[in-house]
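Given next are the chains, with one letter for each unit.
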There are 2 protein chains.
Amino acid sequence: LVDDEPFDVRYGQLVSHERSLDMRAGTLTRQVRWRSPTGREVRIRSVRLVSLTHRSIAAISYEVEAVDDTRVVVQSELVANESLPGRDRDPRAAADIGPSLVGEETLTHRCGAVMVHTTRLSGLRLAAGMDHDLEQPGHAVVDVDAQGDIARVTLAARLRPGERLRMVKLVAYGWSARRSRSALHDQVVAALAGARESGWDGLVDDQREFLDEFWSGADVEVDGDAQVQQAVRFALFQMIQAAARAEQRPIPAKGLTGPGYDGHTFWDSEIYVLPVLTYTHPAAAADALRWRASTLAVAEDNATGLGLEGAAFAWRTISGAECSGYWPAGTAAFHVNADIADAAIRYVEATGDVEFEKDTSMPLLVATARLWRSLGQHDMEGNFRIDGVTGPDEYSAIADNNVYTNLMAAQNLVGAAEVAGRYRAQAAGLGVTAEEMASWRDAAHAIVIPYDERLGIHPQSERFTDHARWEFESTGPEKYPLLLHFPYFNLYRKQVVKQADLVLAMQLRGEAFTPEQKARNFDYYEELTVRDSSLSAGTQAVMAAEVGHMDLAHDYLAEAALMDLQDLENNTRDGLHLASLAGTWHALVMGFGGLRTEKGVLSFSPRLPESITGLCFKLRYRGRRLEVAIDADHAAYRLLEGEAVSVLHHGTSVRLDPGQEASRRLPRIRSRPRPQQPKHREPPPHHPGEGA
Amino acid sequence: LVDDEPFDVRYGQLVSHERSLDMRAGTLTRQVRWRSPTGREVRIRSVRLVSLTHRSIAAISYEVEAVDDTRVVVQSELVANESLPGRDRDPRAAADIGPSLVGEETLTHRCGAVMVHTTRLSGLRLAAGMDHDLEQPGHAVVDVDAQGDIARVTLAARLRPGERLRMVKLVAYGWSARRSRSALHDQVVAALAGARESGWDGLVDDQREFLDEFWSGADVEVDGDAQVQQAVRFALFQMIQAAARAEQRPIPAKGLTGPGYDGHTFWDSEIYVLPVLTYTHPAAAADALRWRASTLAVAEDNATGLGLEGAAFAWRTISGAECSGYWPAGTAAFHVNADIADAAIRYVEATGDVEFEKDTSMPLLVATARLWRSLGQHDMEGNFRIDGVTGPDEYSAIADNNVYTNLMAAQNLVGAAEVAGRYRAQAAGLGVTAEEMASWRDAAHAIVIPYDERLGIHPQSERFTDHARWEFESTGPEKYPLLLHFPYFNLYRKQVVKQADLVLAMQLRGEAFTPEQKARNFDYYEELTVRDSSLSAGTQAVMAAEVGHMDLAHDYLAEAALMDLQDLENNTRDGLHLASLAGTWHALVMGFGGLRTEKGVLSFSPRLPESITGLCFKLRYRGRRLEVAIDADHAAYRLLEGEAVSVLHHGTSVRLDPGQEASRRLPRIRSRPRPQQPKHREPPPHHPGEGA
């Protein structure tokens, strides 16, 4: 309150207002200058952080400076069960389950309070606490009260012009499915005490130190496109924020930024988010995979229930159990299992983490290989078929021999055989025999990859190219996303692609395609892909770059990058599109940097669109830090930290020694005619000249 | 009450008990001799009928005769909202929606009562009334009371040995979505008065007269198998009872005999039940098709909602709106539209009902032809494909080019073009142009019929034969029906057939297959068909007979025939399997009688298994009555009523003149090795020697 008038920017006069996210400091700062309806002016500056180093701590520094002589009252609250906005009918938004917390206790604590609640349906216990440090120039009144779902600290003081009042709020959370009320209460009190010991400045310093270390192996610099420059750092910052302390919990599709998809995680965590973490903050990727491995028993039960061997991991989950109620797009999307295997193989390849490979990766690979072996079967000609499954594209379902699924399954099967061959004793402990390993290699070798000779392209699944094309010409722009306007019956039976499927297969299993096939496939699927999923643009950017559509790649990069910063799908209120943010990094590092792994060797095929004059990115790789700096003609490779290592530059080996730069020329890109997208679904025009 | 002791056969002594259904009289008689726990003996004889001639009347004659001197109290009730047994978890049983009637009024009326209720959700109004005629030897006390959901007439009398008490109960029903409470009240009072005017004897006589007329054009006599003899008459009786007064309401899958499938009707009404009615009581078939036609507007809306032209009729419905919540097995089962067309074409062919053809059949055929034309599309080679639909077999879904669907759609398209060609003015009124008719013929001519050259058989849908076979060997008998024990995910992706699909196509569109293809196809699908649907056996019997598996045909005939009489699926409590009952007639008349239509000519190819020594059936055909009597060597054709007509006997024309018998020799049947069924799913062994 400013002289009894609530501070509300919709009333009075907002003289100035700025909110800035400092991605290096890890803090969000708001500076406001406001004149109340009664003419009293104040300056407010708040800085807030969610600590990346103190596991359960968030903190806010809130300062009010009087411009005029005024009475100021500042209230700090802790509120449970605050009601959400009305239910959205978009199936991608969260289900409204009503007030979900049942109060157990609410007590004042020092200059703050502690609350303990349990979740209504799942019975999880959650404690939250707050404490405050107060600074004010003279006399002040402080009230602390706490009851039910609300706790409140009220600070009232009189400020003369130029005088300042400051409230530092520390907030701690803790939860458990097993610990008692008093244990959780103790836990948040202890966390608050630990945070007090660090103090505000200590929390800010720790935050900066953590992020400095992160950026030293992760930063991406983009010359010539300030919007994308900002966006890729935003993307990396959001990913590290979602993942750094997820520990052995899933990384949800929205991180912790909104209620969309009910906090569930999907396969895109493994395929989009984990590769970024693997090369920038590998410990977080390992943790996410350890979480998956912790759900192995549930996945094994799921496989058994489906009449299959091994483990069938959940396509949509928070606890390991399948949360998708629509099986054609959930359970049948078995590729999630090969996606997990892909993430585990990539993590081990990029880190050389042998303990993880033995303890976590091998059980995952073996269980999923067994799944594939029982899900598929050899036909009379000896081909290994996987029928009746759903690939990444959710506008097709229950198809036979989806190319993405089959290629990823083959990698999964071979990967399992290889790891079992490396750690024979441990593999024997899982019951793996030489015969079983041979049957995995055999299935992988014989896997069916349908090819349409007439069109010279790969159908994304068998018979896909026989189906009618969607009527793109008569589908108005208001009919997108199609899933909200057309029945799945209609979508499933036509050639229309929600998100990269065959194109994603070309990114992740590029060696299975010739360059000519890649080019033809890419152009064919461009005409069918409506990008009703935000997962799509990043992948299309990577493959557009590989096949030589450089400007199109840049447009897709921008779409992925600006998905949330410009709220392109009008649903950022439900939370950030974490996989699309990851797609920004994919587009830059895998697209224009050409990062791949070829036979276990880190490989780059840099190529830039004309509109980007320079690209420089840092990576962590097997205990080293690398930097790749690309301009129109050259790529310069540097080993920033660690022992010498060789990488590939456009297929040629380059040895990187400490302190030396290896510069290589870029081959010329053969530019190709820009392919067509479905009407109304061209990527939004991007003008890289404009500032962020 | 017999001397204060309730008559309950679970107590006291049941000296004798017999319940008999007289299918010629249309009455159900129960005769009981019972000694009460206190030693008083009575004889009870009840006769009941649901009138086939008095639209809304049922009646019961209830007689009690004293053996010992005794006091007898008889109560007759009308009860609404009687609670059903606990909910069954079988998805095929009815959903329990709790008490569904809301009382509006309950009043005594003469020696009885009238009640009016409305249905809770749909707001339909229902009136029920009862009245009684009482006869007793001496003094009696009569109470009539009515309140809420119960009305009761109590008759108390003293009977000396040999004395008899009789209560004739008349019951009337009426319902309406629009009429007022008093109008419905009046309606049942009027119906009761009308029934009183006829009296019990008049009702019984009318019932017999109606059924005499029915049997004169419908009876089937089977020599050598008393069980099947009884069963086929039971089947015909149940069908006429379900259909005779359905008028323009659907004929439910269970008729009116039980709550299974919630009273809904499905496609099997048109494919199984209507052909029987078409040849035995054609007016009922016409009424059922007029009901379908009355839902045309709903079906057109449904098509529009799916982005299609014409009309998409409901797969499961009671009012015309789709009631199946699971679209892969409901909405996607578009064949229902061609099934309706088949029934309409067959009805017109069998009756020559020109008015019906113009007014009812043509709008149905045109609307469904337009559906097929928009659902399918020509591919680059000019073939007409219908992708992403579900055929009759519910263990596959969302497949491409289902043979049954495509053949039936082709007939539908050609049928629409033909009828529009016959009635050009009326067709023009529906907007049909010569171009549109040409496009129908064109699509029908080019329809894709997949064929597997390797196996020399037709896959039921494209790629079906590439799929893994179900693991029949390891599936125990307790795992059937599979739908209750395995996820659809697993069923859909394997070669396992719930019910005749390709085999039904061979019955209904036999001209599309060579005899050799039929034989190979039949044997192939025998190995895969588990008959988890009661629709299957009748069809398998027909085609087994056609391809020469005569004993197997007899076994399947028996399975269809005894489905309910022997409660083979343990669910007759949910109601009769009306389509399976129809399948009994199909097996005999279409299987052993070989009834088909060839180019508009009624055709027979009689052949009997050794175990059936004679088969004689009557038919109605274009205003005539025909009889076909078959023994081991000959078939004798007789025209019982009407003008001379020609039919085909094994492809050769036979002219039938009034009063003359045309006898023809039967060709020899080449017997073939009996095919295998899935383990545990052989048809139950049938011993025709045993009595019924």
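For the structure itself, look to the data block above.
Enquirer: Sorry, what's going on with empty space enclosed by the protein here?
Expert: If you roll a probe as big as a water molecule over the atoms, it shows you where there is empty space left. In this structure the tally under the stated criterion is seven cavities of 30 Å³ or more. The space that makes up the largest cavity amounts to roughly 410 Å³. Surrounding the largest cavity, 27 residues form its lining, Ile398(A), Ala399(A), Ile398(B), Ala399(B) and Asp400(B) being those nearest its centre. Here the lining of the largest cavity is composed, by residue class, of 10 nonpolar, nine polar and eight charged.

Enquirer: Could you clarify how one ought to interpret the packing of aromatic side chains in this entry?
Expert: The geometry of an aromatic ring pair is captured by the separation of the ring centres together with the interplanar angle, meaning the angle of the planes. Counted by the stated rule, this structure contains 36 aromatic pairs over all chains. Ring centres 4.9 Å apart and planes at 40° place the aromatic pair Phe489(A) and Phe334(B) in the tilted group. With Phe489(A) in helix α11 (residues 488-492) and Phe334(B) in the loop between β14 (316-317) and α6 (335-351), this pair bridges two chains. Relative accessible area serves as the criterion here: at 2%, Phe489(A) is assigned to the buried category. Within the aromatic cluster, the residues linked to one another by ring pairs are Tyr326(A), Tyr488(A), Phe489(A), Tyr492(A), Trp327(B) and Phe334(B). In this arrangement the basic side chain of Arg469(A) is found over the ring face of Tyr524(A), its NZ or CZ atom lying 5.3 Å from the centre.

Enquirer: What exactly am I supposed to notice about the relation of the copies chain B and chain A here?
Expert: Both copies of the chain are tied together by a single rotation about an axis and a shift running along it. Each copy superposes on the other: chain B lies on chain A with an RMSD of 0.1 Å after a rotation of 180° and an axial shift of 0.0 Å. Taken together, these values place the two copies in the relation of a two-fold axis. Relative to the rotation axis, the C-alpha of Ile398(B) is the closest in chain B, positioned 4.0 Å from it. In this assembly, 100% of the residues forming the interface of chain B have copies in chain A that are likewise at the interface, indicating an isologous arrangement.

Enquirer: Would you mind going over the environment of Arg573(A) with me for this structure?
Expert: Residue and element names in this part refer to chain A. Following the sequence through the fold, arginine 573 ends up in the loop between α15 (550-562) and α16 (578-592). The exposure class assigned to arginine 573 is exposed, which follows from its relative accessible area of 56%. Along the sequence, arginine 573 and proline 259 sit 314 residues apart, while their C-alpha atoms lie 8.6 Å from each other. A distance of 2.5 Å separates a polar atom in the side chain of arginine 573 from the backbone oxygen of asparagine 570.

Enquirer: Got a minute to help me understand the sheet that holds strand β24 (residues 645-649) of chain B in this structure?
Expert: Through backbone hydrogen bonds, the strands of a sheet pair up, either in parallel or in antiparallel fashion. All names here are of chain B. One open sheet holds the four strands; their spatial order is β19-β20-β24-β25, and the pairing between them is mixed. Both outer strands of the open sheet, β19 (596-598) and β25 (652-656), are each paired with one neighbouring strand and no more. Taking each pair of neighbouring strands and ignoring which way they run, the sheet shows an average axis angle of 40°. Bridge count for strand β20 (residues 601-604) against β24 is two bridges, and the pairing is parallel. When the bridges of β24 are listed, serine 603 appears paired with leucine 648.

Enquirer: Just to check I follow, could you spell out unusual backbone geometry for this structure?
Expert: As a rule of thumb, non-glycine residues mostly have phi less than zero, and peptide bonds are mostly trans rather than cis. Residue and element names in this part refer to chain A. The residue after tyrosine 480, namely proline 481, is reached through a cis peptide bond having omega -5°. Inspection of the secondary structure puts proline 481 in the loop between β17 (468-469) and α11. Despite not being glycine, arginine 110 has its phi angle at roughly 45°, a positive value. Mapped onto the fold, arginine 110 is located in the loop between β6 (101-108) and β7 (113-119).

Enquirer: Mind showing me how you'd approach the packing of helix α2 (residues 226-243) of chain A against α16(A) here?
Expert: Packed helices, taken two at a time, are described by their axes: the angle between them and the distance between them. Residue and element names in this part refer to chain A. With their axes 9 Å apart at the nearest point, α2 and α16 run at an angle of 125° to one another. The angle between α2 and α16 places the two elements in the oblique class. The element α2 and its partner α16 pack so that their crossing is left-handed. For the pair formed by α2 and α16, the contact residues are Val228, Val232, Phe234, Ala235, Leu236, Gln238, Met239 and Ala242 on the first element and Leu578, Leu581, Ala582, Thr584, Trp585 and Leu588 on the second. Across the contact of α2 with α16, the residue classes tally to 12 nonpolar, two polar and no charged.

Enquirer: I would appreciate a short explanation of the environment of Phe234(A) in the present structure.
Expert: Residues and elements named next belong to chain A. Secondary-structure assignment places phenylalanine 234 in helix α2. For phenylalanine 234, a relative accessible area of 11% puts it in the buried group. Put simply, phenylalanine 234 and aspartate 22 are 212 residues apart on the chain and 9.6 Å apart in space, counted from C-alpha to C-alpha. Not counting the four nearest positions on each side in its chain, phenylalanine 234 is found in contact with Leu21, Met23, Leu565, Leu576 and Leu581.

The rules behind these values
Residues numbered from 1 in each chain as written. Chains lettered and ligands numbered in written order. Predicted model: local features only at pLDDT ≥ 70, side-chain atom pairs only at ≥ 80, totals over all residues. Heavy atoms only, no water. 1 Å grid on protein atoms, 1.4 Å probe; cavity = no way out; pocket = protein on both sides within 12 Å on 5 of 7 lines; lining within 4 Å. Points joined across faces, edges and corners; volume = space filled by probe spheres on them. Nonpolar A, V, L, I, M, F, W, Y, C, P; charged D, E, K, R; others polar. Phe/Tyr/Trp six-rings, centres within 6.5 Å; stacked < 30°, edge-to-face > 60°. Helix = DSSP H or I, 4+ residues; strand = E, 2+ residues; numbered from the N terminus. Buried < 20%, exposed > 50% of the residue type's maximum accessible area, 1.4 Å probe, protein only. Lys NZ or Arg CZ within 6 Å of the ring centre and 35° of its normal. Least-squares fit on C-alpha atoms with pLDDT ≥ 70 in both. Contact = heavy atoms within 4.5 Å. Polar contact = N/O pair within 3.5 Å; in protein donor to acceptor, adjacent residues only side chain to side chain. Pairing = 2+ DSSP bridges. Axes fitted to C-alpha atoms, helices over the stretch in contact; angles between N-to-C directions. Parallel < 35°, antiparallel > 145°, perpendicular 65-115°, else oblique. Left-handed = near helix turned anticlockwise from the far one by under 90°.

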